[in-house]
Amino acid sequence: MWENRKKIGIMGGTFDPIHIGHLILGETAYEQFQLDKVLFMPAGNPPHKKNRKDGASNQQRVEMVKRAIASNPHFELSLVEMDKITYTYTYKTLEELKEQNPDTDYYFILGADSLYDFEEWKEPGRILQACTVLVATRDHTSHERLNNRISFLEEKYHGRIEKMNSPTIDIASKELRARIAEGNPIIYYVPDEVAAYIRENNIYKDCDKDEI
C-alpha cells in the first residue's frame, strides 16, 4: 500500500545526562538500517524512574539533548513523551505514532542489557507489534545468550529484533552524575556543548553521592 515507507529510529531514555554512548547507538542504527532519521525522545515521567532524585530538571534534560544532537542533520528531538502529564509507556507512544503516521516503520533502539529485562516492561508484546527492536551488542554479553534471548522473545511475541553492530561504549548516566558530584572531569564522556551547559548551570554538583 505504501511504496515509499519511512524508516524512523527512536532513541528513548531519561538522558540524565545524554552521553556519547547514546549518540553512537543512534548513529549506528541510522547507518546500519538505512533509517531516514533518529528521534531522541526524552522520557517525561517514566514509571520505572518515578523516584528519581538529584537529577536535572525536565527543561535541562531537553536542553542537553538539543545541544548534543544539534550538529547531526538526521537526529531530531521529540517531545512526545515529555509533554505527557501521566506516566509514559513505550507501547502507548509507539501505537500513537503508528496511528498518526501509517506510512512509517519504527525502530526502537535498546542496549543489550535492557533486552533481558524486556518482559518486565509494560505490554512487551504490543511493543514488538508496533516496531522493530534494534539491540546493541556488548563485549561482556555472551553472543549465544543474546541470540537465545532474541529467539525466545521473537517466538513468544511474534516480533522482530535485530542486532546492531555497535562499538562498545559502556557509559552509564548514573556514573556521570557521580563523577560530576565528586568534581571529576567528564571530557569525552559527553559532547563539549553538554559539558559546558552542565558546568554553567551547576547541574549535579549538589547531588547526594549516596542517593545517585
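Residues numbered from 1 in each chain as written. Predicted model: local features only at pLDDT ≥ 70, side-chain atom pairs only at ≥ 80, totals over all residues. Heavy atoms only, no water.

1. Remarks on the sheet that holds strand S3 (residues 75-77)
- In spatial order, the strands read S3-S2-S1-S4-S5-S6; together these six strands make up an open sheet with parallel pairing. Two strands close off the open sheet at either side, each with one partner strand: S3 and strand S6 (160-164). Neighbour-to-neighbour, the strand axes of the sheet open up by a mean angle of 30 degrees, direction not taken into account.
- As defined by bridge partners, strand S1 (residues 6-13) adjoins strand S4 (residues 104-110) across five bridges and the pair is classed as parallel. Bridge pairing in S4 links Ile-10 to Phe-108.
- The strands touched by helix H2 (residues 58-69) are S1, strand S2 (37-42) and S3; relative to S3, the strand with the most contacts, the crossing angle is about 160 degrees. (Pairing = 2+ DSSP bridges. Helix = DSSP H or I, 4+ residues; strand = E, 2+ residues; numbered from the N terminus. Axes fitted to C-alpha atoms, helices over the stretch in contact; angles between N-to-C directions. Contact = heavy atoms within 4.5 Å.)

2. Side note on the layout of surface pockets
- Approximately 240 Å³ is the volume found for the second largest pocket.
- Lining the second largest pocket are 15 residues; nearest its centre among them are Asn-184, Pro-185, Ile-186, Ala-195 and Arg-199.
- With four residues, helix H8 (residues 192-200) is the single largest residue contributor to the lining of the second largest pocket.
- Taken together, the residues that form the lining of the second largest pocket break down as nine nonpolar, three polar and three charged. (1 Å grid on protein atoms, 1.4 Å probe; cavity = no way out; pocket = protein on both sides within 12 Å on 5 of 7 lines; lining within 4 Å. Points joined across faces, edges and corners; volume = space filled by probe spheres on them. Nonpolar A, V, L, I, M, F, W, Y, C, P; charged D, E, K, R; others polar.)

3. Points about the nonpolar core
- Ranked by size, the top nonpolar core spans 32 residues in total, and within it Ile-18, Phe-40, Met-64, Ile-109, Met-164 and Ile-198 carry the most contacts.
- Elements that contribute at least two residues to this core include exactly helix H1 (20-32), S2, H2, S4, strand S5 (132-136), helix H7 (173-181) and H8.
- Setting aside chain neighbours within four positions, we find Ile-18 in contact with Leu-23, Phe-40, Met-64, Val-65, Ala-68, Val-190 and Val-194.
- Membership of the second largest hydrophobic core comes to 25 residues, among which are Leu-39, Leu-115, Tyr-116 and Val-133. (Core = buried A, V, L, I, M, F, W, Y, C linked by side-chain atoms within 4.5 Å. Buried < 20%, exposed > 50% of the residue type's maximum accessible area, 1.4 Å probe, protein only.)

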